[in-house]
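Fold and geometry: a report
Chain by chain, the residues run as shown.
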Amino acid sequence: FNGRIVRAAGDFQVELGSSALWLATEANTLMTLDSASCLYLLVLSGLTANKGYEWKVTFDNSWAGSIGCGNGGNCKFSTGAAGTVELVFNPNTKALSFRPLATVCGNGDCELGETCRTCLTDCGVCPPAVCGDGKCEDAETCDSCSSDCGNCPVCGDGTCQPNETYQTCPGDCPNELPGCGVFREESCEGGSQFHANAGVEAKRWQTPKPGTKDYQSSYQDYHTLVGYADIIYTGSDRSAADVCLETKHRYASTVTLTYYFDNTAQSNKCKRFTSGYTDILKTVVV
């Protein structure tokens with residue numbers, strides 16, 4: 001990794017002043033190689049105290065070849081009471097780790113982990129970065145100083161970046177499902193199925209209304225009501241569970257839904273079942 005630009009990217013970046021999460025070009029998350037330990041280090045301060053975050057390591061302002069934990073998943077770290085943590089990347093083992101620090105921004109001392117960018121009150125105003133000195137400093141990016149930080153990824157460089165799709169850059173981003181209208185922007189950019197991308201809400205109602213000219217018999221009906229069944233066990237022995245019908249109605253403010261469990265109507269979306277229930281449950285929402 002000698003000579004490469006190593007950055008930490010994750011769901012913490014907006015709290016440090018970034019314009020978005022998971023940016024591979026963020027100036028404030030440049031990791032520095034410690035020659036004594038041969039580790040890449042980055043101290044983050046000003047984060048929310050006692051909170052968990054996720055991160056990965058990126059290289060050369062790109063997600064190509066990024067490193068995470070497990071089988072490429074996100075690594076996790078958590079802050080202590082001070083909201084300060086040191087992220088560690090071992091280039092030999094490719095392991096990512098962290099250690100909380102006790103730094104407190106605002107106590108008048110510019111402590112380990114604090115910089116002029118993360119704690120102005122303790123460390124004072126930052127000196128201006130010098131573009132052209134061969135160092136990609138934390139105030140420089142590929143946009144502001146390509147001579148120090150390298151060229152920014154562009155369409156046509158052969159790598160499908162997070163901000164590129166098959167529609168915007170087909171040369172870099174092949175269509176994952178040829179012939180289908182499913183593109184890269186449908187993938188969760190935040191790395192979690194719980195964080196849907198912007199614009200997904202507008203696509204919730206995916207089909208025309210049944211009976212209209214654009215509706216086809218092969219379609220399912222996603223025009224007015226969508227949902228799924230959620231099974232929540234009530235104990236570790238899994239001898240009982242609540243079955244909840246999680247739904248969204250297009251006109252929720254003007255309708256009242258009724259939930260049927262095995263043809264029995266109720267207003268509550270959930271119903272409890274024990275291990276003694278052995279039938280195939282039939283549910284309907286109207």
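First things first, this report covers the structure right here in the doc.

What counts and what doesn't
- Residue positions are given per chain, counted from 1 along the sequence in the order it is written.
- Residue-level local features of this predicted model are given only where pLDDT is at least 70; pairs of side-chain atoms are given and counted only at 80 or more, and the full residue set underlies all totals for whole chains, interfaces and linings.
- Calculation of side-chain values draws on the structure's entire complement of heavy atoms; hydrogens and water are dropped beforehand.
- In this text, helices come from DSSP runs of H or I with a minimum length of four residues, and strands from runs of E with a minimum of two, each type numbered from the N-terminal end.
- The buried label applies to any residue whose accessible area, calculated with a 1.4 Å probe on protein chains only, is under 20% of its type's maximum; exposed applies above 50%, and partly exposed to all values in between.
- Any two residues whose heavy atoms approach within 4.5 Å are treated as being in contact.
- Note on areas: Shrake-Rupley, 1.4 Å probe, and residue coverage restricted to the protein chains presented here.
- Each pair of aromatic rings taken from Phe, Tyr and Trp, with Trp reduced to its six-membered ring, is defined by centres within 6.5 Å and is described as stacked if the planes are under 30 degrees apart, edge-to-face if over 60, and tilted in the remaining cases.
- Counted as over-ring charges are cases with an Arg CZ or a Lys NZ within 6 Å of the ring centre that also lie within 35 degrees of the ring normal.
- Any pair of N or O atoms that falls within 3.5 Å is considered a polar contact. Within protein, one atom must be able to donate a hydrogen and the other to accept it, and sequence-neighbouring residues count only if both atoms are side-chain atoms.
- Should DSSP find at least two bridges between two strands, the strands are regarded as paired.
- Comment: axis = line fitted to C-alpha atoms, over the contacting stretch for helices; angle = value between 0 and 180 degrees taken between N-to-C directions.
- Disulfides are defined as pairs of cysteine sulfur atoms found within 2.5 Å of each other.
- Salt-bridge detection follows one rule: a side-chain nitrogen of Lys or Arg within 4 Å of a carboxyl oxygen of Asp or Glu.

1. Structural notes on the overall build of the protein
Looking only at helices and strands, one finds 2 helices and 14 strands in the protein. Buried residues in the protein amount to 31% of all 286 residues. For the protein, restricting intrachain contacts to residue pairs at least 6 apart in sequence, the fraction spanning at least 24 positions comes to 43%. As displayed, the protein has an accessible area near 17,000 Å², and 51% of this comes from carbon and sulfur atoms.

2. Digging into the packing of aromatic side chains
In this structure the tally under the stated criterion is 8 aromatic pairs. Look at Phe 12 and Phe 77: their rings are 5.7 Å apart centre to centre, the planes differ by 65°, and that puts the pair in the edge-to-face class. Note that Phe 12 is positioned in the loop between strand 1 (6–10) and strand 2 (32–34) and Phe 77 in strand 6 (residues 75–78), a separation of 65 residues in sequence. Here Phe 12 falls in the buried class, since its relative accessible area comes to 0%. Clustering of aromatic rings is evident, with ring pairs tying together Phe 12, Tyr 53, Phe 77 and Phe 98. Over the aromatic face of Tyr 233 sits the side chain of Arg 238, whose NZ or CZ is 4.7 Å from the ring centroid.

3. Structural notes on the side chain of Thr 207
Residue position: Thr 207 is located in the loop between helix 2 (146–149) and strand 9 (225–233). Reaching out from Thr 207, the side chain makes a polar contact with the backbone nitrogen of Tyr 222 at a distance of 2.8 Å. Leaving out residues up to four positions away in the same chain, Thr 207 has contacts with Tyr 219, Gln 220, Asp 221, Tyr 222 and His 223.

4. Let's talk about the sheet that holds strand 12 (residues 264–266)
Read from one edge of the open sheet, 3 strands run 12-11-14, paired in antiparallel fashion. Looking along the sheet, the strands with just one partner apiece sit at the ends: strand 12 and strand 14 (283–285). Neighbour-to-neighbour, the strand axes of this sheet turn through a mean angle of 25°, independent of strand direction. Sheet analysis places strand 11 (residues 259–261) next to strand 14, joined by 3 bridges and oriented antiparallel. In the sheet register, Tyr 259 faces strand 14, and the bridge partner there is Val 285.

5. Here we look at the state of the cysteines
Inspection of every chain in the model, using the stated rule, returns 4 disulfides. Between the sulfur atoms of Cys 69 and its disulfide mate Cys 75 the distance is 1.8 Å. As the torsion about the S-S bond is roughly 105°, the Cys 69-Cys 75 disulfide counts as right-handed. Residue classification places Cys 69 among the partly exposed residues on the basis of a relative accessible area of 28%. With its sulfur 2.0 Å from that of its partner, Cys 131 forms a disulfide with Cys 145.

6. Remarks on the side chain of Asp 122
Tracing the backbone shows Asp 122 in helix 1 (residues 120–123). Among the polar contacts made by the side chain of Asp 122, one reaches the main-chain amide nitrogen of Asn 107 at a distance of 3.4 Å.

7. A look at the pattern of salt bridges
All chains considered together, the criterion is met by 6 salt bridges. The closest approach of N and O atoms between Asp 60 and Arg 4, which form a salt bridge, is 3.0 Å. Separated by 56 residues along the polypeptide, Asp 60 in the loop between strand 4 (52–59) and strand 5 (62–67) and Arg 4 in the segment before strand 1 bring together distant segments of the chain. Residue classification places Asp 60 among the partly exposed residues on the basis of a relative accessible area of 30%.

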